[in-house]
Amino acid sequence: MIVSIHQPQYIPWPGYFFKILKSDVFVLYDTVQYPRGKHFGNRNQVKTANGAAWLTVPVLRRSDMLPYVNIPVELPAKWAGKHWRTIELSYGRATSFSLVGDTVRDLYLRPEWPNIAELDFTFMCRCLSALGASTKVVRASDMEASGAGLRGADYILAILKELGATDYISGQGEGSLRYIEPEKFQDAGVKLSTYQFHSPRYQQLWGEFIPDLSILDMLANVGRESGALIESSGSLSHWTGR
C-alpha cells in the first residue's frame, strides 16, 4: 500500500495533487503545528486579468502554536463572497468553468467552518473528486497514532504502521526530508520514494502562462483531463538517503 502525507493547504497547486494521485492512501497531516508565517495553509493564487492574485482565508490564533485542527476560521461572510467573486471574474470565460462551479461554489456559501483543517480538507476532497481520484483520504487527527505523543519520523512511521503501508512517498524539500531517517524506514519494511513535479503548460486566460497556481486554474482551463495531465507531469524515485 502506497501512502503519502502532507499538511493541509487551501485549494492547493497541481503538484500537491500529484503524490495524492500516486498514492493508495493520503493522510492529511492536520495535527502538526500551524506555521506562524505566510504559507499555503490558508492561501493560494489564482490568475486574474491583472495577473496572479492571492486568495487568503483569515484565521485566528495563528501565533498560539496550535495544530491546524485548532486554528479557527473567521466567519465566511467576511471573505468567502470575495473569494468566489474573484474566481468567477477570473475564470468565468474559461472552457471548463462549470466544473469549478460544480466543485466549490457551494462551499463558499457555508455559514461557518470549525477550523482551517476542516476547510482545507473539504476543498481538497472536492478537487480530488473533480480530478477523478480514487485515493482514500484520512485525517491524522482521526488516527490512533495522533494520541501517542510522537514527533518527526517516529510519528510518520506510526501512521504508516497503522495503515499497513509498504511504500511512502515523501517530498524532496528540506522540510520533508529532515524527518526522514532511512534506517528506521528500512527496519519498518517501508520503501521510501521522493517525487518531482514539472509544472505542465496549458492554455490559460489573461495572457502569458503562469505556473503553479491553485488547482482551480487547471480545472477551469483543462477540465476533466486535469488528473491525467498531473499524473503525466511528475515522477517517483526510490530514495535511500541524502
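Here the residue numbering is sequential within each chain, running from 1 through the sequence in written order. In view of the model being predicted, local features appear only for residues whose pLDDT reaches at least 70, and side-chain atom pairs are presented and counted only at 80 or more, with totals across whole chains, interfaces and linings using the full set of residues. To get the side-chain values, all heavy atoms of the structure are used, and hydrogens and water are removed first.

### Remarks on the packing of aromatic side chains
Then step 1. Side-chain rings of Phe, Tyr and Trp, where Trp is taken by its six-membered ring, are said to pair if the distance between their centres is within 6.5 Å; with planes under 30 degrees apart they count as stacked, over 60 as edge-to-face, and otherwise as tilted. Enumeration according to the criterion identifies 16 aromatic pairs in this entry.
Then step 2. Measuring from centroid to centroid gives 5.9 Å for tyrosine 16 and phenylalanine 26, while their planes differ by 70 degrees, and the two rings are edge-to-face. Taken together, the residues tyrosine 16 in helix H1 (residues 14–21) and phenylalanine 26 in strand E2 (residues 25–28) connect sequence positions ten residues apart. Grouping residues by exposure puts tyrosine 16 and phenylalanine 26 together as buried.
Then step 3. Note on tryptophan 79 and tyrosine 108: the rings are 6.5 Å apart at their centroids and 80 degrees apart in plane angle, and the pair reads as edge-to-face. One end of the pair, tryptophan 79, is in the loop between strand E4 (51–56) and helix H2 (80–91); the other, tyrosine 108, is in the loop between helix H3 (97–104) and helix H4 (116–130), and 29 residues separate them in sequence. The two residues tryptophan 79 and tyrosine 108 agree in class, both being buried.
Then step 4. Through a chain of ring-to-ring contacts, the aromatic side chains of Tyr10, Trp79, Trp84, Phe97, Tyr108, Trp113 and Phe123 assemble into a single cluster.
Then step 5. Charge over a ring is defined by NZ of Lys or CZ of Arg lying within 6 Å of the ring centre and within 35 degrees of the ring normal. The lysine or arginine in question, arginine 43, covers the ring of tryptophan 54, its NZ or CZ lying 3.7 Å from the ring centre.
Then step 6. Here arginine 139 stacks its cationic end above the ring of phenylalanine 121, 4.0 Å away from the centre of that ring. Under the DSSP-based scheme used, a helix requires at least four consecutive residues in state H or I and a strand at least two consecutive residues in state E, with every element numbered from the N terminus. Relative accessibility thresholds used throughout: buried, under 20% of the residue-type maximum; exposed, over 50%; partly exposed, between the two (1.4 Å probe, protein chains only).

### Quick look at the sheet that holds strand E5 (residues 136–139)
Strands belonging to one sheet form pairs held by backbone hydrogen bonds; the direction of such a pair is parallel or antiparallel.
Then step 1. Pairing between strands is defined by DSSP: at least two bridges between the two strands are required. Taking strand neighbours across the sheet as the criterion, the six strands line up as E5-E2-E1-E6-E7-E8 in an open arrangement whose pairing is mixed. The sheet is open, and its two borders are formed by E5 and strand E8 (234–238), each paired with just one other strand. On average, adjacent strands in this sheet sit at an angle of 30 degrees to one another, irrespective of strand direction.
Then step 2. Relative to E5, E2 is paired through four bridges, and the arrangement is parallel. The partner of leucine 28 across the bridge, within E5, is arginine 139.
Then step 3. Docked against the sheet, H1 engages strand E1 (2–6), E2, strand E6 (167–170), strand E7 (191–197) and E8, running at close to 145 degrees with respect to E7. Every angle, taken between N-to-C directions, lies between 0 and 180 degrees, and every axis is a line fitted to C-alpha atoms, over only the stretch in contact when it is a helix. Should any heavy atoms of two residues lie within 4.5 Å, those residues are considered in contact.

### Notes on the pattern of salt bridges
Then step 1. Here a salt bridge means any side-chain nitrogen of Lys or Arg lying within 4 Å of a carboxyl oxygen belonging to Asp or Glu. Taken as a whole, this structure holds six salt bridges when the rule is applied.
Then step 2. The partner of aspartate 106 in a salt bridge is arginine 126, and the shortest N-O contact between them spans 2.8 Å. In this pair, aspartate 106 is assigned in the loop between H3 and H4 and arginine 126 in helix H4, connecting sequence segments 20 residues apart.
Then step 3. A residue is classified by how much of its surface remains accessible, and aspartate 106, at 35% relative accessible area, is partly exposed.

### A few points about H2
Because each turn of an α-helix spans 3.6 residues, side chains separated by three or four positions in sequence point in the same direction.
Then step 1. For H2, spanning twelve residues, the distance from its first C-alpha to its last is 16 Å, which sits close to the expected 16 Å at 1.5 Å a residue.
Then step 2. Every buried residue belonging to H2 is among Ala80, His83, Trp84, Thr86, Ile87, Ser90 and Tyr91, and all of these are buried. Viewed end-on, H2 has its buried residues packed into an arc of 160 degrees, placing them on one side of the element. Seen from the open side of H2, the exposed residues pointing more than 90 degrees away from its buried face are Lys82, Arg85 and Leu89.
Then step 3. Tucked inside the fold, the buried residues of H2 contact strand E3 (43–48), E4, H3 and helix H8 (215–222). One fewer than the residue count of a helix, multiplied by 1.5 Å, yields its expected span. Note that the arc is defined by the directions from the helix axis to the C-beta atoms.

### Things to note about the environment of glutamate 181
Then step 1. With respect to the secondary-structure elements, glutamate 181 resides in the loop between helix H6 (174–177) and helix H7 (182–187).
Then step 2. With 167 residues separating them in the primary sequence, glutamate 181 and proline 14 have C-alpha atoms 27 Å apart.

### Quick notes on the state of the cysteines
Then step 1. Throughout, a disulfide means two cysteine sulfur atoms within 2.5 Å of one another. Inspection of the entire model under this criterion finds zero disulfides.
Then step 2. Considering cysteine sulfurs only, cysteine 125 is the nearest to cysteine 127, which forms no disulfide, with 9.4 Å between them.
Then step 3. The buried category is assigned to cysteine 127, whose relative accessible area is 0%.

### Comments concerning the pairing of E2
On a regular strand, each side chain points to the face opposite its neighbour's, so the side chains alternate between the two faces of the sheet.
Then step 1. Neither face of E2 is exposed, since Val25 and Val27 on one face and Phe26 and Leu28 on the opposite face are all buried.
Then step 2. Judged from the four bridges that link them, E1 and E2 form a sheet pairing that is parallel. Its bridge partner being in E2, valine 3 is matched across the sheet by valine 25.
Then step 3. Whether a crossover is right-handed comes down to one check: with the strands pointing away from the viewer, does the path from the first strand over the helix to the second run clockwise; if it does, it is right-handed. Viewed along the sheet, the connection from E1 through H1 into E2 turns out right-handed.

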